[in-house]
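The residues making up each chain are set out below.
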Amino acid sequence: MIHDAQMDYYGTRLATCSSDRSVKIFDVRNGGQILIADLRGHEGPVWQVAWAHPMYGNILASCSYDRKVIVWKEENGTWEKTYEYTGHDSSVNSVCWAPHDYGLILACGSSDGAISLLSYTGDGQWEIKKISNAHTIGCNAVSWAPAVVPGSLIDQPSGQKPNYIKRFASGGCDNLIKIWKEEDAQWKEEQKLEAHSDWVRDVAWAPSIGLPTSTIASCSQDGRVFIWTCDDASGNSWSPKLLHKFNDVVWHVSWSITANILAVSGGDNKVTLWKESVDGVWVCISDVNKGQGAVSAITEGQQNEQ
Amino acid sequence: MEELDVEPPLTLIPGVDSKRKKLCFAWAPGEMLVYETLFPKECAEKRPGCPNIFIVRKDQDVYSQTLRKLFNESHGIFVGLQRSEEELAGKSRKAQLVRVSKNYRSVIRACMEEMHQLANSTRVPELQCQHSTQVSILSAMELIWNLCEILFVEAAPAGHLLLHLLDWVRLHVCDVDSMVHEVLSSENPSKHKDFWNAVDIFVLQGRMDDARHLLSKEASANPTSMGMCKILDDLMKKMPILSVGNTQTLTEMELKWQHWHEECQRYLQDGTFSSNLHMESICKILLGDENAILEKKELMTTWYHFLVTRLVYSHPTVKPVELRFYAQSSMDLFLGGESSWEPLDSILMAAFEFEIHQVIKECSIALSNWWFVAHLTDLLDHCKLLQSHNLYFGSNMREFLLLEYASGLFSHHSLWQLGVDYFDHCPEYGKVYLELHIERIPLNTEQKALKVLRICEQRQMHEQVRSICKIMAMKAVRNNRLGSALSWSIRAKDAAFATLISDRFLKDYCERGSFSDLDLIDNLGPSMLLSDRLTFLGKYREFHRLYGEKRFSEAAKLLLMLMTAHIAPCSFWMTLLTDALPLLEQKEVIFSAEQTYELMRCLEDLTAGKTDNQKLQVDDVETTKVEILRLALARNLARAIVKEGTLEGS
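All figures in this text were calculated on a predicted structure; none of them were measured in a lab. (Residues numbered from 1 in each chain as written. Chains lettered and ligands numbered in written order. Predicted model: local features only at pLDDT ≥ 70, side-chain atom pairs only at ≥ 80, totals over all residues. Heavy atoms only, no water.)

Q: Any chance you could break down the overall build of chain A for me, citing the residues and the numbers?
A: Helices and strands together make up the secondary structure of chain A, namely zero helices and 25 strands. The buried share of chain A, reckoned over its 306 residues, is 61%. At a minimum sequence separation of 6, the contacts of chain A that also span at least 24 residues come to 43%. Within the structure as shown, chain A displays about 12,200 Å² of accessible surface, and the carbon and sulfur contribution to it stands at 45%. (Helix = DSSP H or I, 4+ residues; strand = E, 2+ residues; numbered from the N terminus. Buried < 20%, exposed > 50% of the residue type's maximum accessible area, 1.4 Å probe, protein only. Contact = heavy atoms within 4.5 Å. Areas by Shrake-Rupley, 256 points an atom, 1.4 Å probe, with all protein chains shown as cover.)

Q: Residues and numbers for the overall build of chain B, please.
A: When its secondary structure is counted, chain B shows 31 helices and four strands. Residues classed as buried in chain B amount to 49% of the 650 residues present. Taking the intrachain contacts of chain B between residues at least 6 apart in sequence as the baseline, contacts between residues at least 24 apart amount to 63%. When the accessible area of chain B is evaluated, it comes to approximately 31,700 Å², of which 53% is carbon and sulfur surface.

Q: I'd like a description of helix H16 (residues 356-366) of chain B, backed by residues and values.
A: Within H16 of chain B, burial applies to Ile356, Val359, Ile360, Lys361 and Cys363 of chain B. For H16 of chain B, the secondary structure elements touched by its buried residues are helix H3 (125-153), helix H15 (343-352), helix H17 (371-382) and helix H18 (397-409) of chain B.

Q: Which residues make up the sheet that holds strand E18 (residues 214-220) of chain A, and what values do they have?
A: All names here are of chain A. A sheet is described by the order of its strands in space; here four strands give the open sequence E17-E18-E19-E20, paired in antiparallel fashion. Here the strands that pair on one side only, and so sit at the sheet edges, are strand E17 (200-205) and strand E20 (238-245). For this sheet the average axis-to-axis angle between neighbouring strands, irrespective of direction, equals 20°. One ladder, built from five bridges, connects E17 with E18; its direction is antiparallel. Bridge pairing in E18 places Trp205 opposite Ile216. (Pairing = 2+ DSSP bridges. Axes fitted to C-alpha atoms, helices over the stretch in contact; angles between N-to-C directions.)

Q: Provide a residue-level description of the pattern of salt bridges, including the pertinent values.
A: Residue and element names in this part refer to chain A. Inspection of the entire model under this criterion finds 48 salt bridges over all chains. Across the pair Lys68 and Glu84 runs a salt bridge whose closest N-O atoms are separated by 3.7 Å. On the criterion of sequence distance, the pair formed by Lys68 in the loop between strand E6 (59-64) and strand E7 (69-75) and Glu84 in strand E8 (residues 78-85) is long-range, its members being 16 residues apart. For Glu84, a relative accessible area of 30% corresponds to the partly exposed category. It is possible to trace a salt-bridge network through shared partners that takes in Arg167, Lys181, Glu183, Lys188 and Glu190. (Salt bridge = Lys/Arg side-chain N within 4 Å of Asp/Glu carboxyl O.)

Q: Describe in detail the UniProt feature "repeat: WD" (unreviewed entry) in chain A, supporting the description with residues and values.
A: Those places that UniProt annotates as "repeat: WD" (unreviewed entry) correspond, in this numbering, to residues 39-82 and 193-228 of chain A. Helix makes up 0% of residues 39-82 of chain A and strand 59%, whereas the separation of the span's terminal C-alpha atoms amounts to 12 Å. (UniProt positions renumbered as here; feature names shortened; annotations may be inferred.)

Q: Help me get a handle on H17 of chain B, residues and values and all.
A: All names here are of chain B. An ideal rise of 1.5 Å per residue puts 16 Å on twelve residues; H17 measures up with 17 Å between its terminal C-alpha atoms. By the criterion of burial, H17 is predominantly enclosed, with eleven of the twelve residues buried. Those residues of H17 that are buried lie in contact with helix H1 (65-83), helix H2 (90-121), H3, H16, H18 and helix H19 (416-424). With its phi angle positive at about 60°, Lys384 sits one or two positions after the end of H17. (Expected span 1.5 Å × (residues − 1).)

Q: Let's hear about the packing of H1 of chain B against H2 of chain B: which residues, and what values?
A: Helix-helix packing is described using two parameters, namely the angle between the two axes and the distance between the axes. All names here are of chain B. Axis separation between H1 and H2 bottoms out at 9 Å; the angle between their running directions is 170°. Considering their axes alone, H1 and H2 lie roughly antiparallel with respect to each other. Residue-level contacts link Thr66, Leu67, Lys69, Leu70, Glu73, Ser74, Ile77, Phe78 and Leu81 of H1 to Leu97, Val100, Asn103, Tyr104, Val107, Ile108, Cys111, Glu114, Met115 and Leu118 of H2. Classifying every residue of the contact of H1 with H2 gives 13 nonpolar, three polar and three charged. (Parallel < 35°, antiparallel > 145°, perpendicular 65-115°, else oblique. Nonpolar A, V, L, I, M, F, W, Y, C, P; charged D, E, K, R; others polar.)

Q: Tell me about the side chain of His75 of chain B, and please be specific about residues and values.
A: All names here are of chain B. Of note, His75 is situated in helix H1. In this structure the side chain of His75 is engaged in a polar contact, spanning 2.7 Å, whose partner is the side chain of Asp421. Ignoring sequence-local partners within four residues, the contact set of His75 consists of Leu418, Asp421 and Tyr422. (Polar contact = N/O pair within 3.5 Å; in protein donor to acceptor, adjacent residues only side chain to side chain.)

Q: Which residues make up the nonpolar core, and what values do they have?
A: If you look at the biggest cluster of nonpolar residues, it comprises 220 residues, and the most contacted ones within it are Trp97 of chain A together with Trp168, Phe352, Phe372, Tyr540 and Leu576 of chain B. Here this core gets twelve residues from one element, more than from any other, and that element is H3 of chain B. Residues Cys219, Val225, Trp255 and Trp274 of chain A belong to the second largest nonpolar core, which totals 17 residues. (Core = buried A, V, L, I, M, F, W, Y, C linked by side-chain atoms within 4.5 Å.)

Q: Break down the environment of Asp101 of chain A for me, with residues and values.
A: Residues and elements named next belong to chain A. Residue placement: Asp101 occurs in the loop between strand E9 (92-97) and strand E10 (105-110). With 46 residues separating them in the primary sequence, Asp101 and Ala147 have C-alpha atoms 6.8 Å apart. At a separation of 3.4 Å, a polar atom in the side chain of Asp101 contacts the side chain of Tyr164.

Q: Please provide a residue-by-residue account of the side chain of His53 of chain A, values included.
A: Residue position: His53 of chain A is located in the loop between strand E5 (46-51) and E6. Its relative accessible area of 7% is what places His53 of chain A among the buried residues. When sequence neighbours within four positions are dropped, the list of residues in contact with His53 of chain A reads Tyr9 and His100 of chain A together with Glu439, Ser467 and Ile471 of chain B.

Q: With reference to specific residues and values, describe the packing of aromatic side chains.
A: Residue and element names in this part refer to chain B. Tallied over the entire structure, the rule returns 40 aromatic pairs over all chains. For the ring pair Trp145 and Phe372, a centre distance of 5.6 Å and an interplane angle of 80° mean the geometry is edge-to-face. Taken together, the residues Trp145 in helix H3 and Phe372 in helix H17 connect sequence positions 227 residues apart. Accessibility classification places Trp145 together with Phe372 in one group, the buried group. Taking 6.0 Å as the distance between ring centres and 40° as the angle between the ring planes, the aromatic pair formed by Phe306 and Phe334 counts as tilted. On the criterion of sequence distance, the pair formed by Phe306 in helix H13 (residues 303-314) and Phe334 in helix H14 (residues 323-335) is long-range, its members being 28 residues apart. (Phe/Tyr/Trp six-rings, centres within 6.5 Å; stacked < 30°, edge-to-face > 60°.)

Q: Can you lay out the sheet that holds strand E14 (residues 167-172) of chain A for me, pointing to particular residues and giving the numbers?
A: All names here are of chain A. Strand order in the open sheet formed by four strands is E13-E14-E15-E16, with antiparallel pairing between adjacent strands. Every other strand in the sheet has two partners, leaving strand E13 (139-144) and strand E16 (186-194) as the edge strands with one partner each. Ignoring which end each strand starts from, the neighbouring axes of this sheet average 25° apart. Where strand E15 (residues 176-183) and E16 come together, eight bridges link them in antiparallel fashion. Of the residues in E16, the one forming a bridge with Leu176 is Glu194.

Right, here's the structure in full:
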């Protein structure tokens, strides 16, 4: 049972993780499917994988029911565990790498309600920051905001590191979406977005296309998908727009590279694609379902069926 | 654009069992991954597995070999159009735009030809089917484009309009030539079964000369009908047509036409052709009798052919605004309410109605690829025909389509370069789309990375330049290519990384006694200043060079400076002092007394620093080294003092 599949930055490698506790990496160049690595280290089903930006090398993070977060790295052609984080008391549900401009930072959301931030400081060392009780009952998803330099219209003197305001969004079992901001090296809750009536299952912060607006998509057990927009740069007023009410739980939302398409998967056994129309209304542009069709398949290999 | 008026298309994935599993997905550059899974993510480990992940792609066309030429060549035309300044105005500008339009069409036709060849030469049935489908799609595209060219780009006025439409029909609609060839090459052309069909189709297409030529065969073969043939031939000869160079006005033309029409009417009513059904029918056609024309449905094959024929024989001076009514009624009469509309029909109808946005919308829905609408819309935009139909996010239709098309190109390993130019000509979002897409191009080879870099540098995309250089530097380090890594990190202006790599170089030197990548280090130039460690590396190498060239006093000065100016890291001082040894031991005195004092001070600083902690780990080699150094320094000091105290000369 595959729980997550992610292509790397360039679409050349595919990482999958599964309930058989393995994380597998495939080379998928030119339509091929070559298994490069079968990584073992988790003691429970692995829920999510996330690729770091290639400028840090070939790095993959995975999180699992076994409360661990493992960072894997490719050195000299082989994949190895480079760091293991065991600071959570319960299943870790989601991992998300920060924009590469901030450095190598990983956010992890767990069923123990806490969110950990692991920052690589060099020489194999990681600095941990933990936000306890971020969401009561548990945190299901984390998603970083794109890196936007405040006052980016003004040129920064070269060589100086711009002052980024780091933000990320999290969704939890308290039906809330929270926006966290780093201030004075501490993470503070900046906003609470309330609209869902049941557990929030996934949040996705849209990539920036240069506009001063920020957009977040959220989906929940209540079958609703909301699009949240904030018009001013200081991030103070977020307004939700209901994308659609599905008949069943919605599990996953994700934006395309240029944020012009939102993909939603959930209840009705479909993956639907949505696009914003002229008057700001989101319309469904395509359904992906089962049956016949021209697609190519990758076989992960036989799973042990019990 | 308002509401979506078509149901979103359903894409089906084979082999997925919807009863037991749910579908989840992940985005990939250019495509989407879809896989089966079960929600909620419970702890149950032992669940029935589905090992399949499906890759779903929207646009397969990008990967087609033959279409690649279409993309490449149309790219050239597109860029040329953007760059052509609007210096020319009025007629010459229009002529220029028409030329561009014809260029696009010839590219489509060339592609069609090639595809056709492929379809004929292949033996694989699926491929043949695929190619043939592609040929018909391209053919439809050219048909539509041609009509748009006539109606929108050329914007032919009444009179010329019909001439262009006639050309259009002759070129596209049905293939008469093979039938005619058969007829003419037979022994008795006029007895051929298709003879009258050939004459008919010539008449229907307004090809009077060709019709007359065939008719003469009938006349010669059948003396009894010679009389009738002569009259018919005469009528055909006299038919007034507005030719391109003709200077007569529309009104004159209309008058002449009226006279001619009346003459045909007379002959028909007199029963001149009553003994020959074929010729009578032709006369009726000449008179624009709808029923007579409709009888030849199979020959015309399409309602738009019917439309043009009708116009030729009933209203040759039709105005562009009148087209829509004729088009609508032609379609109704021709199809007779039996068959439903095909997408091509609605597109053409929208064009006849001059609903440009409708044309673009229908084409977008019907075609699998944005190529056609993107280029056509761009051309129409240049003709100033698109009102700024602003979409919600401020981008106009032209830009929207170009962005979609170019984004599609980026999933291809070499076509992405074309996409760059398209983004360049999208003033609102082109830059940011380029930034987002260009980061995803796999940098498999150094050349590709350099190519991407050049593109970013030309457009002042500094963030992307830095990012790419960092990625390449990291790759080089992983493959132990330190020189390459260093040059990439210099290009990225990444001081931290440069320091890291310089340390590696220095470490290598300590271990092996020599430097790798000497060329690079020797020619660092001002980029040496990027990081202190890098400066040290460069200067240290310079020291070695000076030494090698036997410029000892300069080398000595440099060596000393490296320590006193604190360019050298403390960890390296021992090595530097050891390097000073041979200079101290030279016959000639190189270090002056003052310099020697400096060196001694450095040594003392070094050993003093290593007091409490290190004294416990007394390293024999280290202590010997220090002793040797002290000795050498003392000796040199002595010689230097003597030398400096001695008077020169005498």
